[in-house]
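# Examination of the molecular architecture
Each chain, written out:
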Amino acid sequence: MSNESATRITPGNALRPEDIALEVNTGLVKPGEDAAEYALRLGDDALILAQRLGHWISRAPELEEDVALGNIALDQLGHARSFLSYAGGAWGKSEDDLAYFRREPEFRSAHLFEQPNGDFAVTIARQFLVSYYQFELYRRLTESADSTLSAIAAKAVKEVDYHRDHSAQWVLRLALGTEESRERIQHAFKLIWPYVDELFHDDELTTRLTEAGVAVEPSSLRGDFDRLTAEVLAEAELEAPEVPAAPGGGRRGRHSEHLGYILAEMQVLAREHPGAKW
Amino acid sequence: MASQILQSEQDEGALEAEGKAYFDRIISEDSRIEPRDWMPAGYRKTLLRQISQHAHSEIIGMQPEANWISRAPSLKRKAILMAKVQDEAGHGLYLYSAAETLGQSRDQMMEDLIAGKARYSSIFNYPALTWADMGAIGWLVDGAAICNQVPLCRASYGPYGRAMVRICKEESFHQRQGFEILLELSHGTPEQKQMAQDAVNRWYAPSLMMFGPPDDDSPNSKQSMAWNIKRFSNDELRSRFVGMMVEQVRVLGLTLPDSEIRFNEETKKWEHGPLDWDEFKEVLNGRGPCNAQRLERRREAHDNGAWVREAAAAYAEKQSRKQAEKELAA
């Protein structure tokens, strides 16, 4: 592959957030209102998760995990920047305008991504569920009629495949390691599982965009998600916990109690210096 | 029996003499000693101390910067900072591995660090108070580290020198990103420029002290130089560093908090104002602003992760047992 291809937004090419921002700023691409709103959802999921995972860097159980969780955080942040850069094109806003200067109800992240890190088991349980969901989502999104979304997904799906592998390996280690680790991962799944359901909720936006061939219908991912996660859980001699699903609401701006704190920390410096460049 | 012991002692003596001759030749030829080669106990001890201290510095040094990941003021800066702190974990890993080739386990080194028995670069006991500190740490602290470390790429101990080659490449990216942060701030709003100057003021002297005490107060330097571990004296490196910073600070549009910097035409060396070596010793001996905090954070991460490491070990053992049973059955 030549170096030039990196700046062309077509599936399979290495794509940087800067490339998308450039295309948006020069007017080469401009998402419709619906596609922008959809990109905002995916971008916010990834951004909030990156913010959560970044906390592990310098605090992980071993140095290899400082590196691994840092890598996953960086990948998620990269996906977030791409989605937000694209979404912002509809409203004349940059990735930073969207990340730093929106208020809590304007965010579109699902509750699963907002859940606290907890202990390492909670982080792994969350990452396991997120990665299997994102993999199925991005895999299908590479077929999107929206060439920017499909290009972002094409890059992201390769990275999320590694996240899937990393978290599945840890689910096995923790479930089959010691008595303590088994108890902890079981407890972690109980804590996290209620937030799975929201990922698969369809609404008017996703229905419209699915019909237009732009988005992936969330409910259509559920079958593969359940089947593939169950395979790993079976190998780990675990079962999906029987816990009631939480109602969610993140896509409408109704968030968990946690998001306010995340945003307060993330946005504080940028908001102290509005208009400043960094 | 007695004659047998005598014989083996003689063999050992002969082996040692042979090893020593080889070692001396390698050092005089400026080539590389490898882990299985004979080496004087002092050489091993010096290297083990230096490499493990360097590894600890990378690991503790992650903290002041990780402190700002969550608040980085743009997503691009957040990504760069995450990558940088992650690199430092990687540097720690290479260095612990290099130290392990000298016969000490990473677990032991980590225990020593947490117990407060091992040292790390005292500069990481200063707090990172503002975003501009991310710039000043990159520019000054990583800049000083590069001056120190580039010559270490030629260190006589192979695993150390090779680890340093890779580390230096990444450090130069770290320094550039620090410079870029300061450049952006110094051309930004008055508050941003002031933030940048304040950070440079606070990190300047500690970064000069990273090169270690003045030459006449550095007892180990001479032997390290004779062993081709160290190539230049502390003062020599410090002077070079000051010269580089004097040029770069002009480009930044900032100043160094030292009115006595001058180029000595006679010695052809850069000179700087007096440094507070009492403070240096205080901080090194545990009485700096963040010593307790840094160690506690490391201890906490280590203790909180104990059950995870145990689980991974238990799982690996079960897996290899299963594998062995399979092979036996086949």
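Residues numbered from 1 in each chain as written. Chains lettered and ligands numbered in written order. Predicted model: local features only at pLDDT ≥ 70, side-chain atom pairs only at ≥ 80, totals over all residues. Heavy atoms only, no water.

## Quick notes on the overall build of chain A
Of regular secondary structure, chain A possesses 11 helices and zero strands. In sequence order, chain A lays out its α and β elements as α-α-α-α-α-α-α-α-α-α-α. Compactness check: chain A gives a C-alpha radius of gyration of 18 Å against a globular reference of 19 Å for 278 residues, within 12% of the reference. Each principal axis of the C-alpha atoms in chain A carries an extent, and together these give about 55 × 45 × 40 Å. When burial is assessed residue by residue, chain A has 59% of its 278 residues classed as buried. Contacts in chain A between residues at least 24 apart in sequence constitute 81% of all its contacts with a sequence separation of at least 6. For chain A, the exposed area adds up to about 11300 Å²; of that, 50% sits on carbon and sulfur atoms. On chain A, the mean spot of the 29 positive side-chain charges and the mean spot of the 47 negative ones are 4 Å from each other. (Helix = DSSP H or I, 4+ residues; strand = E, 2+ residues; numbered from the N terminus. Rg over C-alpha atoms; globule rule 2.2 N^0.38 Å. Buried < 20%, exposed > 50% of the residue type's maximum accessible area, 1.4 Å probe, protein only. Contact = heavy atoms within 4.5 Å. Areas by Shrake-Rupley, 256 points an atom, 1.4 Å probe, with all protein chains shown as cover. Lys, Arg positive; Asp, Glu negative; His and termini not counted. Charge placed at Lys NZ, Arg CZ, Asp CG, Glu CD.)

## Focus on the interface of chain B and chain A
Listed as interface residues are 45 residues of chain B and, on the opposing side, 48 residues of chain A. When chain B packs against chain A, close to 4000 Å² is buried across both sides, 67% of that on carbon and sulfur atoms. When the buried area of chain B at its contact with chain A is split by residue, Leu75(B), Trp307(B) and Tyr315(B) rank highest and sum to 20% of it. Elements supplying a minimum of two residues to the side of chain B that touches chain A: α2 (41–66), α3 (75–100), α6 (158–186), α7 (190–209), α11 (291–304) and α12 (306–329) of chain B. With 14 residues, α3(B) is the single largest residue contributor to the side of chain B that touches chain A. Of the residues contributing to the side of chain B that touches chain A, the split by class is 25 nonpolar, eight polar and 12 charged. (Buried area = accessible area lost by both parts, 1.4 Å probe. Nonpolar A, V, L, I, M, F, W, Y, C, P; charged D, E, K, R; others polar.)

## A look at the side chain of Asn291(B)
Summarising the element assignment, Asn291(B) is placed in helix α11. Residues in contact with Asn291(B), not counting those within four places in the same chain, are Tyr120(B), Asn125(B), Val283(B) and Gly286(B).

## A few points about the confidence of the model for chain A
A residue-level look at chain A finds 95% of positions with pLDDT of 70 or above and a mean pLDDT of 95. The low-confidence segment residues 1–8 of chain A, where pLDDT is below 50, has nine contacts with residues more than four positions distant or belonging to other chains. (pLDDT = per-residue confidence, 0-100.)

## A look at the nonpolar core
Counting 188 residues, the largest nonpolar core has Tyr38(A), Tyr138(A), Phe189(A), Trp131(B) and Trp139(B) as the members making the most contacts within it. Residues contacting Tyr38(A), with those up to four places away along its chain left out, are Leu137(A), Leu141(A), Leu149(A), Leu205(A), Thr206(A), Leu209(A), Ala215(A) and Val216(A). (Core = buried A, V, L, I, M, F, W, Y, C linked by side-chain atoms within 4.5 Å.)

## Observations concerning a negative patch on the surface
Residues and elements named next belong to chain B. A grouping of Glu100, Asp107, Glu111, Glu300 and Asp303 is seen on the molecular surface, where their side chains present a negatively charged patch. Sorting the residues of the negative patch by element identifies α4 (106–114) and α11 as the ones contributing at least two each. Following the sequence through the fold, Asp303 ends up in helix α11. Under the relative-accessibility criterion, Asp303 is labelled partly exposed at 47%. (Patch = residues over 30% accessible without salt bridge, like charges linked within 9 Å, V, L, I, M, F, W, Y side chains within 5 Å. Salt bridge = Lys/Arg side-chain N within 4 Å of Asp/Glu carboxyl O.)

## Some points on the packing of aromatic side chains
Residues and elements named next belong to chain A. Within the structure shown, the criterion is met by 15 aromatic pairs over all chains. Members of the aromatic cluster, joined through ring pairs, are Phe128, Tyr132, Phe189 and Trp193. In this structure, Arg102 is placed above the aromatic ring of Phe107, and the distance from its NZ or CZ to the ring centre is 4.0 Å. The ring of Tyr132 has Arg164 lying over it, and the distance from NZ or CZ to the ring centre is 5.1 Å. (Phe/Tyr/Trp six-rings, centres within 6.5 Å; stacked < 30°, edge-to-face > 60°. Lys NZ or Arg CZ within 6 Å of the ring centre and 35° of its normal.)

## Some remarks on helix α1 (residues 17–25) of chain A
Residues and elements named next belong to chain A. When we look at burial in α1, the residues that qualify are Pro17, Asp19, Ile20, Glu23 and Val24. Taken around the axis of α1, the buried residues stretch over an arc of 160°, which confines them to a single face. In α1, the exposed positions angled more than 90 degrees off the buried face are occupied by Leu22 and Asn25. Packed against the buried residues of α1 are α3 (63–88), α4 (95–100) and α7 (147–176). Gly27, located one to two residues past α1, shows a positive phi value of around 75°. (Arc of directions from axis to C-beta.)

## With respect to the packing of α2(B) against α3(B)
All names here are of chain B. Contact geometry for α2 and α3: axes closest at 8 Å, N-to-C directions at 160°. Comparing the axis directions of α2 and α3 gives the class roughly antiparallel. In this structure, the crossing between α2 and α3 has a hand that is left-handed. For the pair formed by α2 and α3, the contact residues are Leu48, Ile51, His54, Ala55, His56, Glu58, Ile59, Gly61, Met62, Glu65 and Ala66 on the first element and Leu81, Lys84, Val85, Glu88, Ala89, His91, Gly92, Leu95, Tyr96, Ala98 and Ala99 on the second. By residue class, the composition of the contact of α2 with α3 is 13 nonpolar, five polar and four charged. (Axes fitted to C-alpha atoms, helices over the stretch in contact; angles between N-to-C directions. Parallel < 35°, antiparallel > 145°, perpendicular 65-115°, else oblique. Left-handed = near helix turned anticlockwise from the far one by under 90°.)

## Brief notes about the pattern of salt bridges
Residues and elements named next belong to chain A. Throughout the structure, instances matching the rule amount to 43 salt bridges over all chains. For Glu37, the salt bridge goes to Arg108, with nearest N and O atoms at 2.8 Å. One end of the pair, Glu37, is in helix α2 (residues 33–54); the other, Arg108, is in the loop between α4 and α5 (111–114), with 71 residues separating them in the sequence. Between Arg140 and Asp224 there is a salt bridge, and its shortest N-O distance comes to 2.6 Å. One end of the pair, Arg140, is in helix α6 (residues 120–141); the other, Asp224, is in helix α10 (residues 222–235), with 84 residues separating them in the sequence. By relative accessible area, Arg140 is classed as partly exposed at 24%. Overlapping salt bridges bring together Glu136, Arg139, Arg140, Asp224, Arg227 and Glu231 as one network.

## Some points on the packing of α3(A) against α6(A)
All names here are of chain A. One way to put it is that α3 packs onto α6 with a least axis distance of 13 Å and a crossing angle of 40°. With respect to their mutual orientation, α3 and α6 come out oblique. As α3 packs across α6, the resulting crossing turns out to be left-handed. On α6, the residues touching Glu65, Leu69, Ile72, Gln76, His79 and Phe83 of α3 are Phe120, Thr123, Gln127, Gln134 and Tyr138.

## Re α12(B)
The first and last C-alpha atoms of α12(B) sit 35 Å apart over 24 residues, in line with the 34 Å expected at 1.5 Å per residue. Of the surrounding secondary structure, the elements contacted by the buried residues of α12(B) are α6, α7 and α8 (179–192) of chain A together with α11 of chain B. (Expected span 1.5 Å × (residues − 1).)

## Some words on unusual backbone geometry
Phi at Glu237(A) takes a positive value of approximately 55°, unusual for a residue other than glycine. Although it is not a glycine, Asp30(B) sits at a positive phi angle of roughly 60°. Within the secondary structure, Asp30(B) is located in the loop between α1 (2–28) and α2. By relative accessible area, Asp30(B) is classed as partly exposed at 40%.

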